[in-house]
Amino acid sequence: MGGIVMALGLDVPLSGVLVAVVPVLGVCVMLIVRKLRPMFRTMQTRLDTVNRVLREQITGNRVIRAFVRDEYEQGRFRTSNTELTDVALRTGNLLALMFPVVMTVVNLSSIAVVWFGAHRIDSGGMQIGDLTAFLAYLMQIVMSVMMATFMFMMVPRAEVCAERIQEVLGTSSSVVPPVAPVTELRRHGRLEIRGAGFRYPGAEEPVLRSVDLVARPGEVTAVIGSTGSGKSTLLGLVPRLFDATGGEVLVDDVPVADLDPALLARTVGLVPQKPYLFAGTVASNLRYGNPDATDDELWHALEVAQGRDFVERLEGGLNAPVSQGGTNVSGGQRQRLAIARTLVQRPEIYLFDDSFSALDYATDAALRAALGRETSEATVVIVAQRVATIRDADRIVVLDEGRVVGTGRHHELMADNETYREIVLSQLTEAEAA
Ligand SMILES: Nc1ncnc2c1ncn2[C@@H]1O[C@H](COP(=O)(O)OP(=O)(O)OP(=O)(O)O)[C@@H](O)[C@H]1O
Ligand SMILES: [Mg+2]
């Protein structure tokens, strides 16, 4: 072929080979990379799905066994795993193609150089040394292009990963810390909720509509309402787990949104409906809100929370291990530890979200009596389903579908509030309720 080229007078300069090789390599790599990018995106999403399914299955292990859904779950894992394997294989195949393509272009270019060079040497227009040197240079350049190619191989995946990390980092918190926070409070613990409304992001209906509530120090304010009426949501507004979408939440006449977050956390002690304990010991969990508490303070809090007996029986007492989430203690024990944890913190405002639900009646009564003595100066808000838990409260707020439908003491509400009467009579007889 070289002979023909020479005969035709097409004396290709060797640098021409170089000029041709680099764009050809570039185009090949770009084509492959363009196909790879969407595949990597799919692969990351499917990897997510496999992780989610696996996580769910490990956490929900007992439910799966109780419902004998092993086969169904195996199928679910198989499906998501096959989908991942599928796209991973296709991506792998394309990636595997990259190397041979690059090598083919490189080797073809060497052949071309040797071919054209040989004819020039033959005709005396070039020295052998020049050709060898040219080949060495060509290899160096092509090798660099190859290195760049391998970099490019990683670019699509890195790009997709970076986008996803950016998504997480770019999500701003809906609860914004105040610019000029109030760092001093009178610290009496007066809580006032004024016309508060709340709608969960993406939800159509608001969960709370124009809720008013005042809780004063030294008083017990109770909130009662059917499931889903918005009780937990209402309590969540106070420590700013989320901000009200309307109205105001005031602690000692300062809007919580203007309070220093650390001060707010010290002032408000929430015992969540689903208490969570951290891996560690009983003591490390109790000291969560007050790291300087002494052992005596811990025992005292446990006594009030009716948890002293069972902690004493645990091996190690205060140093007994607690597993992640508190899964090695019973539901009622977990609730009592969560109550004790908040007592150790000594806030001005206590919020108990259905915190006595897992306790038997006797323990519930003993706990409330002890709690009454312990928190006689503090502001206490109790959310409960059980009428017995709240009937002695200084003020009962009846919540129905996110609205306050009544406020008063037990006998007042029994007399004139239909919703309250219904709730009470579903649990007690007319005589018991009187
Ligand atoms: N994270 C959430 N996203 C969207 N909607 C939610 C969310 N949490 C709760 N809801 C909705 O808000 C409503 C009120 O929920 P909330 O937990 O405040 O009720 P509750 O009165 O505490 O009920 P329960 O007595 O069962 O604890 C429910 O109808 C529920 O559908
Ligand atoms: Mg709730």
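Residues numbered from 1 in each chain as written. Chains lettered and ligands numbered in written order. Predicted model: local features only at pLDDT ≥ 70, side-chain atom pairs only at ≥ 80, totals over all residues. Heavy atoms only, no water.

This part is about the domain arrangement of the protein. With domains assigned, the protein is organised as domain 1 (2-170) and domain 2 (191-433). Between the C-alpha centres of domain 1 and domain 2 there is a distance of 59 Å. (Domains from an automatic or database assignment.)

A cluster of nonpolar side chains, namely Met30, Phe152 and Val155, defines an oily patch on the protein surface of about 230 Å² accessible area. Relative to the helices and strands, Phe152 is located in helix H5 (residues 128-170). The partly exposed category is assigned to Phe152, whose relative accessible area is 34%. (Patch = residues over 30% accessible without salt bridge, like charges linked within 9 Å, V, L, I, M, F, W, Y side chains within 5 Å. Areas by Shrake-Rupley, 256 points an atom, 1.4 Å probe, with all protein chains shown as cover. Salt bridge = Lys/Arg side-chain N within 4 Å of Asp/Glu carboxyl O. Helix = DSSP H or I, 4+ residues; strand = E, 2+ residues; numbered from the N terminus. Buried < 20%, exposed > 50% of the residue type's maximum accessible area, 1.4 Å probe, protein only.)

In this section: helix H4 (residues 70-122). In an α-helix, one turn spans 3.6 residues; hence positions three or four apart end up facing the same way. Compared with an ideal rise of 1.5 Å per residue, which puts 53 residues at 78 Å, H4 spans 77 Å between its outermost C-alpha atoms and is within 8% of the ideal. The positive-phi residue at the C-terminal boundary of H4 is Gly124, with phi of around 80°. (Expected span 1.5 Å × (residues − 1).)

Attention now goes to the layout of surface pockets. Here the largest pocket defines a volume of roughly 590 Å³. Along the wall of the largest pocket there are 24 residues; nearest its centre are Pro239, Leu241, Ala265, Val268 and Leu270. When residues of the lining of the largest pocket are traced back to their parent elements, those giving at least two are helix H7 (261-267), strand S6 (268-271) and helix H11 (331-345). Of the residues assigned to the lining of the largest pocket, the class counts are 17 nonpolar, 4 polar and 3 charged. (1 Å grid on protein atoms, 1.4 Å probe; cavity = no way out; pocket = protein on both sides within 12 Å on 5 of 7 lines; lining within 4 Å. Points joined across faces, edges and corners; volume = space filled by probe spheres on them. Nonpolar A, V, L, I, M, F, W, Y, C, P; charged D, E, K, R; others polar.)

Coordination sphere of the magnesium ion (ligand 2), protein contribution only: Ser232 (OG) and Gln273 (OE1), at 1.9 to 2.2 Å. On the criterion of sequence distance, the pair formed by Ser232 in helix H6 (residues 231-237) and Gln273 in the loop between S6 and strand S7 (280-281) is long-range, its members being 41 residues apart. Since its relative accessible area comes to 31%, Ser232 is described here as partly exposed. Given the relative accessible area of 38%, Gln273 is considered partly exposed. (Donors = N, O, S within 2.8 Å, 3.2 Å for Na, K, Ca; no water.)

Moving on, we get to the packing of helix H9 (residues 295-304) against H11. Two elements in contact, H9 and H11, have axes whose closest approach is 8 Å; the angle formed by their N-to-C orientations is 130°. Judged by the angle between their axes, H9 and H11 are oblique. Where H9 crosses over H11, the handedness of that crossing is right-handed. Residue-level inspection shows Glu297, Leu298, Ala301, Leu302 and Val304 of H9 in contact with H11, the latter providing Leu337, Ala340, Leu343 and Val344. Of the residues contributing to the contact of H9 with H11, the split by class is 8 nonpolar, no polar and 1 charged. (Axes fitted to C-alpha atoms, helices over the stretch in contact; angles between N-to-C directions. Parallel < 35°, antiparallel > 145°, perpendicular 65-115°, else oblique. Left-handed = near helix turned anticlockwise from the far one by under 90°. Contact = heavy atoms within 4.5 Å.)

It is worth spelling out the packing of aromatic side chains at this point. Tallying each qualifying case throughout the model produces 7 aromatic pairs. On the basis of an interplanar angle of 75° and a centroid distance of 5.3 Å, the ring pair of Tyr276 and Phe278 is categorised as edge-to-face. The exposure class assigned to Phe278 is partly exposed, which follows from its relative accessible area of 33%. With a centroid separation of 6.0 Å and 5° between ring planes, the pair formed by Tyr350 and Phe352 is classed as stacked. When its relative accessible area of 3% is taken as the criterion, Tyr350 is described as buried. The buried category is assigned to Phe352, whose relative accessible area is 1%. Taking the ring centre of Tyr72 as reference, the NZ or CZ of Arg69 above it sits at 4.2 Å. Directly above the aromatic system of Tyr361 lies the positively charged group of Arg386, at a separation of 4.5 Å from the ring centroid. (Phe/Tyr/Trp six-rings, centres within 6.5 Å; stacked < 30°, edge-to-face > 60°. Lys NZ or Arg CZ within 6 Å of the ring centre and 35° of its normal.)

What follows covers the site of ligand 1. Inspection of the region around ligand 1 gives Tyr200, Val207, Ser226, Thr227, Gly228, Ser229, Gly230, Lys231, Ser232, Thr233, Gln273 and Gln385 as its neighbouring residues. Gly228 is positioned such that a nitrogen or oxygen atom in its backbone is 2.9 Å from an oxygen atom of ligand 1. Take Thr233: an N or O atom from its side chain is 2.5 Å from an oxygen atom of ligand 1. For ligand 1, whose free accessible area comes to 640 Å², the fraction covered by protein is 58%. (Near = heavy atom within 4 Å. Polar contact = N/O pair within 3.5 Å; in protein donor to acceptor, adjacent residues only side chain to side chain.)

Moving on, we come to helix H15 (residues 418-427). Within H15, burial applies to Tyr420, Ile423 and Val424. The arc that holds the buried residues of H15, viewed along the axis, is 95°, so those residues lie on one side. Within H15, the exposed residues directed more than 90 degrees away from the buried face are Glu418, Glu422 and Ser426. Among the structural elements, strand S3 (220-225), helix H13 (387-390), strand S11 (395-400), helix H14 (410-416) and helix H16 (430-433) are those in contact with the buried residues of H15. (Arc of directions from axis to C-beta.)

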